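Examination of the molecular architecture
Spelled out, the chains give:
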Amino acid sequence: MLTQSQCKTMSQCKSIVDLAVEYAKTKNVEIEILISQNVDNNSRFANNHMTQNQNMNEIDISVRVIKGQKQAKYNVNQPSKDIINFAIDEACRLLKLVPDNPAIMELPQAQTSVNLDRLDNTTANLTPIDRASTIEEVTHIAKQNNLMASGLYETGSNLIAIGNSNNLFQYFVQSNATFSLTMTCDNVSSWMKGTGLKADKLDIINQAKHVVNNTLLAQNPCDIDPGHYTVILSAEAVSDLLGNLWWDFTATSFRDKRSCFLDKLHKQVLGKNITIYDDVFNKMQLGAPFDDEGVNKKQVLLVKNGVLNSLVYNRLNAQFFKEEATGHSLPQPNVMGEYPANIVMVGGDSSIEDMIASTDRGILLTRVWYVREVDPTSKIVTGMTRDGTFLVENGKVTKAVKNLRFNESLLEMLNKVEMLGKAKLTQGEESNPVVVPPLKVAYFNFESVTKF
Amino acid sequence: MSFGEVYKDLTQMALTTAKQLGASYADIRIVENLSQSIETKNLELARINENKNLGCGIRVIYNGGWGFASSYDLSPNSIKKTVKLAIEIGKASSLFKEKIQLADEPVHKVTWQSQYQKNPFDIPLETKINELILASEKAHSVKGITLSLGFMHFIAEKEIFASSQGSYIEQHFIKSSCGMEVYASNGNDQQRRSYPSSFGGQWELAGYELVERLKLIDHAPKIAVEAVKLLEAPLCPTTNCDIIIGSSQMGLQIHESCGHPSELDRALGEEINYAGDSFLKLALLNKLHYGSSIVNLFADATIPHGLGSFGYDDEGVAAQKFYLVQDGIFCNYLSSRELAGSIDLTRSNGCMRAQSWNYTPIIRMTNICLEPGKSGNLNDLIGDTKNGIYMETNKSWSIDQKRYNFQFSTEIAYEIKDGKLGRMLKNPSYGGITSEFWNACDAICDETEYVVWGVPNCGKGQPSQTMWTGHGASPARFKNIKAGIAHKV
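**Section: the overall build of chain A**
Secondary structure summary: chain A contains 10 helices and 19 strands in total. In terms of overall dimensions, chain A has C-alpha extents of about 75 × 60 × 35 Å along its principal axes. Residues counted as buried form 65% of the 452 residues belonging to chain A. Contacts spanning at least 24 positions in sequence make up 71% of the contacts within chain A whose residues lie at least 6 apart. Carbon and sulfur atoms make up 48% of the accessible area of chain A, which amounts to about 16,700 Å² in all. Within chain A, one finds 45 positive and 50 negative side-chain charges whose respective centroids are separated by 2 Å.

In structure tokens form, the structure reads like this:
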């Protein structure tokens, strides 16, 4: 029986933290220990065969020491007492060399731990043979339809634990499963991606059959003129587009005068049908109920009916803006400050089919790609469509079209949302997992067309 | 004892265990990485962080299937367990296998060291912090600057590669970087200027001499003034015109539109689920007019300070130089030992690289460079241009998944009128189709303008790996290109 790598247990992490805190006392410094571990088993396939198959097990132990107005940090990846003491010694060496920084805060106090049960042991312990068997089934479906299947099946677990000199200790472990699939035939393709805590909830075989249908539908894509179109965006496309907006909801982006929402707090910034939370407790969400300083996360209503309602604040910026910390700190010190990592955008009750049926002429997008910000103030982003772009005419999908480049302002886009679908946990290929709905958006700007 | 000597017995034990368990091929990489990061924000030290990281990755072929497992625990028991796990994974892969044939490579038993003059870890921390703080002070002395960020990163990396075919390679790398960004905001607009390039400054396989050469303090006032002026500058017009692209932006243009599409795994469809495939299909090899006749693009992992340089790649193949595009014709791919045979190469050209010990290597760029031309320096090229736009320093980049349709924005641009630089323009952008664009190249500056730019964050693979690449480039001119496409005027 094969024994796969496992994440450290709570007692193992607590022991590491206790030893480090004790050693730090002998050095007369305050200390924070942040432990993160990722056990990632991933099987990659292409052209209907396995191309890469890995077990990755990485651990990072970050030691932050503070004395007065100085702080320094040293990271190691060996969880032994000697190596962690070495890290503390090294951090103390750096501490003597750095200038004072009056902004440095005392470490947070102990928190009342919140339990979120997000570990599925079956998923965490899925074997290479388990993953290979599923992939073989998917490639069989592809071969039956004269298609090529390529993709990734990734399972495992990850933990975050944090403790400090003020008796704070927090521990969280979760399982994770991701399956993404591209089916290809000649020069066209279709794609899906599912992610979550449990492998058996990904519905891989049914999703694969759906991808087959879309690949067959995507044959013989036609030329289309660029211009403004109504678009129907999959939740995955929404995820990759709006991933460029989330940092603008942070206090640091305001303090640095980089947010597109500057001077717009409590003003109407998006359409009245847009409401967005950051909410780690949402049943569809993933992740730990505390931030990277160990502070408990709060549900934050970022946008209410289009009005910018609040930002997320780490402790430093909460003090600066005279607000309460919301539990969104990135590992400190960090020039980016904080981040809303658990976005939940409230959806509606329209299905993709409803959106298609209500569209006279528009474009249905499966996936967007290489989305990059080109203007931080107007929040124009550019990117491409890929893996299934379809023309909608008179309420029906009529044909596949060649892929297009867009230049679209996210602020404008969220002011012209005509229909919202049911929100779901989703993850594009270049964004964090978020809970967002599919959207129907008017007058979306396509700038050019590519050759396929 | 040297790093290589410390782990020699352990690597041999791992390879022997793999063979005993039935592997037809095995290799092991042990990597130790020491890094130092220093970041300033405005006039304060924002972060000082050092990191020491050690681990091993073991790759096997079992019954025709690849298996890879990794561990941060280098005890003999852990190594044996990791080998067994790699074998189990290889067995699973062999359920639906393609025959794996590794191209021959001579056995190498060698130690390789990257070149540097001043070990950055010997330079006092205070010296480095002062350089960044002084540069920030210079930037903030310009009225209108609302934010400055400064950064230096240094890496000392030791790697061992040992294979069941007998190679034992020890490599030592010193990597250095520094740069700064300044921002100006007036509430309605924000503009950024970076030096010497954006998204991390300049990176080289070099020591602290890189920082001394770049002279951040001297350049900070210039980019600060530019950032403030950009707020009031007119928008880059939407027009078709001749454009001259600055050296660092050319580096990214090469990276995205030549480097990635010439990766053989992409062309064969192995990357299609994530980073995409390539318009450079095998049938186009030695046929496609990728660019105009003055366009010569090459891969060279032997450039002394290129960020994509090494002695041997992560499957033990010696560093090489070869053309990807010669006299405008597409003529080669970046390859691996497994895939070289698919284009009738008898030897891999050495492009397999892994982010660290815990990733299996995949085909990556090394240093992908545009050969300097014969059009003099940048002033000569501007002087030779009747009407056009000069653009420099990348601001954003995007390209389709086959690497045809691209759009780039740069931080700053200037009109060119009658051979002279005119008005500053803000929010410049340009775009096109890769092969049409490179065929529109009619002039490339000479070696006096040539810089090998380091890109530290190239993303590819699943799970995504980041990689160090280098791109040698001089400014170049392209005829009748779509400009000003991101912001329509």
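So, next bit.
**Focus on the sheet that holds strand β15 (residues 368-370) of chain B**
All names here are of chain B. Sheet architecture is open: 4 strands sit in the order β12-β11-β10-β15, paired in antiparallel fashion. Of all the strands in the sheet, just β12 (329-330) and β15 have a single pairing partner and so form its edges. Alignment of strand β10 (residues 297-300) against β15, held across 3 bridges, turns out to be antiparallel. From the neighbouring strand, Phe298 faces β15, where its bridge partner is Cys369. The strands touched by helix α7 (residues 247-259) within the sheet are β10, β11 (321-326) and β15, with β15 carrying the most contacts at an inclination of about 115 degrees.

**Observations concerning the pattern of salt bridges**
A side chain with one charge may pair with a side chain of the opposite charge, provided their charged atoms come close. Applying the stated criterion across every chain yields a total of 50 salt bridges over all chains. For Arg361 of chain A, the salt bridge goes to Glu393 of chain A, with nearest N and O atoms at 3.4 Å. Placement of the pair is Arg361 of chain A in strand β12 (residues 361-375) and Glu393 of chain A in strand β13 (residues 380-393), with a sequence separation of 32 residues. Its relative accessible area of 44% is what places Arg361 of chain A among the partly exposed residues. Judged by its relative accessible area of 25%, Glu393 of chain A is partly exposed. A salt bridge links Glu212 of chain B to Lys118 of chain B, with the nearest nitrogen and oxygen atoms 2.9 Å apart.

**Here we look at empty space enclosed by the protein**
Inspection of the entire model under this criterion finds 5 cavities of 30 Å³ or more. One number sums up the size of the second largest cavity: a volume of about 350 Å³. Lining the second largest cavity are 27 residues, with Thr51 and Gln52 of chain A together with Trp66, Glu270 and Glu338 of chain B sitting closest to its centre. Among the elements of the structure, β2 (49-67) of chain A together with β3 (65-71) and β14 (362-363) of chain B are those that each provide at least two residues to the lining of the second largest cavity. In terms of residue count, the dominant contributor to the lining of the second largest cavity is β2 of chain A (5 residues). A per-class count over the lining of the second largest cavity returns 9 nonpolar, 10 polar and 8 charged.

**Quick notes on the domain arrangement of chain A**
Residue and element names in this part refer to chain A. Taken as a whole, chain A is organised into domain 1 (10-204) and domain 2 (220-452). Put simply, the middle of domain 1 and the middle of domain 2, counted by C-alpha atoms, are 25 Å apart. Contact residues are listed per partner, giving 33 residues for domain 1 and 33 residues for domain 2. With both chains or domains summed, domain 1 and domain 2 bury close to 2,800 Å², and 56% of this area falls on carbon and sulfur atoms. Together, Met105, Trp191 and Lys193 form the three largest contributors to the area buried by domain 1 at its contact with domain 2, with a combined 24%.

**Here's the deal with the side chain of Asn394 of chain B**
Residue and element names in this part refer to chain B. Relative to the helices and strands, Asn394 is located in strand β16 (residues 387-399). In this structure the side chain of Asn394 is engaged in a polar contact, spanning 3.5 Å, whose partner is the backbone oxygen of Ser409. Not counting chain neighbours up to four residues away, the residues in contact with Asn394 comprise Arg192, Ser198, Phe199, Gln249, Leu252, Phe408, Ser409, Thr410 and Glu411.

**Section: the interface of chain A and chain B**
Much of the literature gives interface size as the accessible area that the parts lose upon coming together. On the side of chain B, 79 residues touch chain A, which itself brings 91 residues to the contact. Across the interface of chain A and chain B, roughly 7,400 Å² is buried in total on both sides, 53% from carbon and sulfur atoms. Contact with chain B buries area across many residues of chain A, yet Arg44, Val335 and Tyr370 of chain A alone supply 8% of it, more than any other trio. Our count for the chain A to chain B interface comes out at 5 salt bridges. Between the two partners, chain A and chain B, sit 48 residue pairs in polar contact (both at pLDDT 80 or more). Ranked by residues supplied to the side of chain A that touches chain B, first place goes to β2 of chain A with 12 residues. Of the residues assigned to the side of chain A that touches chain B, the class counts are 33 nonpolar, 34 polar and 24 charged.

**Observations concerning the state of the cysteines**
All names here are of chain B. Evaluation of the coordinates by the stated rule reveals 0 disulfides over all chains. With no disulfide of its own, Cys441 has Cys445 as its nearest cysteine by sulfur position, at a separation of 10 Å. Overall, Cys441 belongs to the buried group, its relative accessible area being 4%.

**Observations concerning the packing of helix α4 (residues 128-144) of chain A against helix α3 (residues 76-93) of chain B**
Look at α4 of chain A against α3 of chain B: their axes get within 9 Å of each other, and the N-to-C directions meet at 15 degrees. As judged from the angle between their axes, α4 of chain A and α3 of chain B are roughly parallel. α4 of chain A and α3 of chain B meet at a crossing whose hand is right-handed. Contacts between α4 of chain A and α3 of chain B involve Pro128, Ile129 and Ala132 of chain A from the first element and Glu88, Ile89 and Ala92 of chain B from the second. Broken down by class, the residue content of the contact of α4 of chain A with α3 of chain B amounts to 5 nonpolar, no polar and 1 charged.

**Quick look at the layout of surface pockets**
Estimates place the volume of the largest pocket at around 1,100 Å³. Going through the elements one at a time, β6 (188-196), α5 (204-217), α6 (235-242), α9 (352-357), β12 and β17 (424-426) of chain A are the ones with two or more residues in the lining of the largest pocket. Examining the composition of the lining of the largest pocket, we find that 6 residues originate from one element, β6 of chain A, more than from any other. Tallied by class, residues from the lining of the largest pocket come to 16 nonpolar, 13 polar and 9 charged. Composition of the lining of the largest pocket by domain shows at least three residues from each of domain 1 (10-204) and domain 2 (220-452) of chain A. Approximately 780 Å³ is the volume attributed to the second largest pocket. If you trace the second largest pocket, you find 33 residues lining it, with Ala103, Arg255, Leu316 and Asn317 of chain A together with Lys41 of chain B closest to the centre. Of all the secondary-structure elements, those providing two or more residues to the lining of the second largest pocket are α7 (251-255) and α8 (315-321) of chain A together with β2 (44-62) of chain B. Broken down by element, the lining of the second largest pocket gets its largest block of residues, 5 residues, from α8 of chain A.

Reading guide: rules and limits
Residues numbered from 1 in each chain as written. Chains lettered and ligands numbered in written order. Predicted model: local features only at pLDDT ≥ 70, side-chain atom pairs only at ≥ 80, totals over all residues. Heavy atoms only, no water. Helix = DSSP H or I, 4+ residues; strand = E, 2+ residues; numbered from the N terminus. Buried < 20%, exposed > 50% of the residue type's maximum accessible area, 1.4 Å probe, protein only. Contact = heavy atoms within 4.5 Å. Areas by Shrake-Rupley, 256 points an atom, 1.4 Å probe, with all protein chains shown as cover. Lys, Arg positive; Asp, Glu negative; His and termini not counted. Charge placed at Lys NZ, Arg CZ, Asp CG, Glu CD. Pairing = 2+ DSSP bridges. Axes fitted to C-alpha atoms, helices over the stretch in contact; angles between N-to-C directions. Salt bridge = Lys/Arg side-chain N within 4 Å of Asp/Glu carboxyl O. 1 Å grid on protein atoms, 1.4 Å probe; cavity = no way out; pocket = protein on both sides within 12 Å on 5 of 7 lines; lining within 4 Å. Points joined across faces, edges and corners; volume = space filled by probe spheres on them. Nonpolar A, V, L, I, M, F, W, Y, C, P; charged D, E, K, R; others polar. Domains from an automatic or database assignment. Buried area = accessible area lost by both parts, 1.4 Å probe. Polar contact = N/O pair within 3.5 Å; in protein donor to acceptor, adjacent residues only side chain to side chain. Disulfide = S-S within 2.5 Å. Parallel < 35°, antiparallel > 145°, perpendicular 65-115°, else oblique. Left-handed = near helix turned anticlockwise from the far one by under 90°.

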